[in-house]
Amino acid sequence: MRKDHYIANAWVAPSTGQYLDSFDPSNGQVLVQLAQGNATDVDRAVQAAKQALGETFDGPWGRLSAVERSRLLFKLAAAVTEHAEELAQLEAADCGKSLKTARVDATALARYFEYYAGAADKLHGETLPFNAGYTVLTLREPHGVTAHIVPWNYPMQIFGRTVGAALAAGNACVVKPAEDASLSLLRLAELAAEVGFPAGALNVVTGYGREAGNDLTAHPGIDHISFTGSTQTGRLVAHAAAERHCPVTLELGGKSPQIVFDDADLEAALPVLVNAIAQNAGQTCSAGSRALVQRGIYERVLALLVSRFEALQSGPPALQLDMGPLVNRKQFEQVRAMVEQAKAQGIVEAARGRVHPDASAQGFYQEAVLFRDVPPESDIAQKEIFGPVLAVIPFDTEEQAVRIANGTDFGLVAGIWSRDGARQMRVARKMRCGQVFINNYGAGGGVELPFGGVKASGHGREKGFEALYGFTVLKTIAIQHG
Ligand code: TXE
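Residues numbered from 1 in each chain as written. Predicted model: local features only at pLDDT ≥ 70, side-chain atom pairs only at ≥ 80, totals over all residues. Heavy atoms only, no water.

## Considering the nonpolar core
Piece 1. Trp61, Phe113, Phe159, Val175, Leu188 and Phe197 are the most contacted members of the largest nonpolar core, which totals 80 residues.
Piece 2. With 10 residues, helix H4 (residues 99-120) is the largest single contributor of residues to this core.
Piece 3. Once residues lying within four places of it in the same chain are set aside, the contact partners of Phe197 are Asn9, Trp61, Leu72, Leu73, Leu76, Leu167 and Ala192.
Piece 4. Grouped together as the second largest cluster of nonpolar side chains are 59 residues, Ile297, Val301, Val306 and Ile416 included. (Core = buried A, V, L, I, M, F, W, Y, C linked by side-chain atoms within 4.5 Å. Buried < 20%, exposed > 50% of the residue type's maximum accessible area, 1.4 Å probe, protein only. Helix = DSSP H or I, 4+ residues; strand = E, 2+ residues; numbered from the N terminus. Contact = heavy atoms within 4.5 Å.)

Okay, here's the thing in structure tokens:
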């Protein structure tokens, strides 16, 4: 199978005629050949987006009213729901994720479009009190052409939360999916055209990050960049943006802690602690990859975690087990190397899940791994592994828990498990991160809840209404009328 770019509502072959191989993580075979985008292809997509907007927002997309954009987004949400199974199958094959996870992703995607469709005509400026004789008002205008660099772990969900918000706010989008997982986003661009989005409002250019991704972030026609991926590439993208004074939103992953106090409801906490790292085989930016457990319940919690980890199974996406394979060989080798390094450092592996016998030996299957008594300063407690590996860390006091929880370069999400209301708020206020969950983790996805990081986890907010502000520029108009 070969796939071209999708630009201005049409399939467009790569200007060089070159295609890259994208692999099936469940067996290591080539799944699809993707157009290998370069600067010429990127420019074509940016020009299409500019035309859709028009010089002064007078193009076929730029001149639509908020309610017209809203209606198109509602239609896209309905189309996603109608094609949910097809999209989930594409995503599961491409990313290697369990089909049940991919189905959840398709549902979430429809919900993002629905949410932003409903918000498009409620996004407005203000009138400001000012000196006598003046009326001052603000307008929320789109940036213009927005670039969206999407990784491979949740292509549909990340597309929903960045592209959905950008379109609702009136921007025209150029999307660069990951070379490992582009199929669902290409199909979405096609669905957008089918439901009536004007040509150029939404364009997808595939290719390598270092080539098409880099060309997109460097393109002078881009007015805003939204990037989700690694801290290293995020730094490159931020540099490219700085060269042109282009605003940028970075969502760069984390090393998120869940703190379990002595008085926690363990029955409620246990499945959530496991799911927060097993979900998508740990390839989740907000994965709960550190469990900080208070000494009084430490051995009990550990024993419960051990039995749950030993039951976790990885296998082909269609079997709908706990986990599928990791996305590619690089990720697979990286996770294995970090596990081996931790063991070489004397950190104790307390439990390991298993790989289903039907899994191909050429697939990138990694068992879930549980490490106990992990020193908070060790690599396994500090670095983002992006695999199903949980570091369990004991602590004695609340102060110590806060120090360990905040003691990494990252700051994306934290979970707190306790029945003590005062402690819940005290600790939540001290967390240096973008989201805190008390007696839950992730709130079931939370399309409505602003999401993003501090420190090396990035900056800017996605999801919820807050994302819409990020995809607009505020213009102030002061009228002197005496
Ligand atoms: O990421 P990259 P990779 C983390 C996770 C993982 C590590 C490496 O720890 O192990 O990153 O994954 C595009 N200019 N996350 O190598 O390189 C690339 O094509 C512009 C966390 O896949 O950041 C892809 O579309 N774009 C994360 C996207 O960036 C470039 C999700 C991500 O790739 C580019 C994924 C360049 N120079 C990985 N180079 C999260 N926050 O959820 C690459 N890209």
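## Here's the deal with the domain arrangement of the chain
Piece 1. Examined at the domain level, the chain breaks down into domain 1 (2-252 + 458-480) and domain 2 (257-446).
Piece 2. Taking only C-alpha atoms into account, the centre of domain 1 sits 31 Å from that of domain 2.
Piece 3. Both sides of the domain 1 and domain 2 interface together cover about 2,000 Å² of buried area, and 52% of this is carbon and sulfur.
Piece 4. Applying the counting rule to domain 1 against domain 2 returns 0 salt bridges.
Piece 5. Applying the counting criterion to the domain 1 and domain 2 interface returns 12 residue pairs in polar contact (both at pLDDT 80 or more).
Piece 6. Elements represented by at least two residues in the side of domain 1 that touches domain 2 include exactly helix H3 (84-95) and H4.
Piece 7. Here the side of domain 1 that touches domain 2 gets 4 residues from one element, more than from any other, and that element is H4. (Domains from an automatic or database assignment. Buried area = accessible area lost by both parts, 1.4 Å probe. Salt bridge = Lys/Arg side-chain N within 4 Å of Asp/Glu carboxyl O. Polar contact = N/O pair within 3.5 Å; in protein donor to acceptor, adjacent residues only side chain to side chain.)

## Description of the environment of Asp358
Piece 1. With respect to the helices, strands and loops of the structure, Asp358 is situated in the loop between strand S17 (354-355) and strand S18 (369-372).
Piece 2. A C-alpha to C-alpha distance of 35 Å links Asp358 and Val447, two positions 89 residues apart in sequence.
Piece 3. If we ignore the near neighbours within four places in the chain, the residues touching Asp358 are Pro316 and Leu319.

## Details of the sheet that holds strand S4 (residues 19-23)
Sheet strands pair by backbone hydrogen bonding; their relative direction is either parallel or antiparallel.
Piece 1. Here 3 strands make up an open sheet; going across it, the order is S1-S5-S4 and the pairing mixed. Two strands bound the open sheet, and with one partner strand each, they are strand S1 (2-3) and S4.
Piece 2. Bridge count for S1 against strand S5 (residues 30-35) is 2 bridges, and the pairing is parallel. Across the sheet, Lys3 pairs through a bridge with Leu34, a residue of S5. (Pairing = 2+ DSSP bridges.)

## Brief notes about the UniProt feature "active site" (unreviewed entry) in the chain
Piece 1. Sites flagged by UniProt as "active site" (unreviewed entry) map to Glu251.
Piece 2. Considering the arrangement of structural elements, one finds Glu251 in strand S12 (residues 248-251).
Piece 3. If we ignore the near neighbours within four places in the chain, the residues touching Glu251 are Arg161, Phe227, Thr228, Gly229, Cys285, Leu412, Phe451, Ser457 and Glu462. (UniProt positions renumbered as here; feature names shortened; annotations may be inferred.)

## Examining helix H2 (residues 66-82)
Piece 1. The terminal C-alpha atoms of H2, which comprises 17 residues, lie 24 Å apart, in line with the 24 Å expected from a rise of 1.5 Å per residue.
Piece 2. Every buried residue of H2 is accounted for by Arg69, Ser70, Leu72, Leu73, Leu76, Ala77, Ala79 and Val80.
Piece 3. Where H2 is buried, its residues meet H3, H4, helix H5 (155-168) and helix H6 (183-194). (Expected span 1.5 Å × (residues − 1).)

## Some remarks on the UniProt feature "domain: Aldehyde dehydrogenase" (unreviewed entry) in the chain
Piece 1. Feature annotation in UniProt assigns "domain: Aldehyde dehydrogenase" (unreviewed entry) to the following positions: residues 11-477.
Piece 2. Helix makes up 40% of residues 11-477 and strand makes up 20%, while its end C-alpha atoms are separated by 42 Å.

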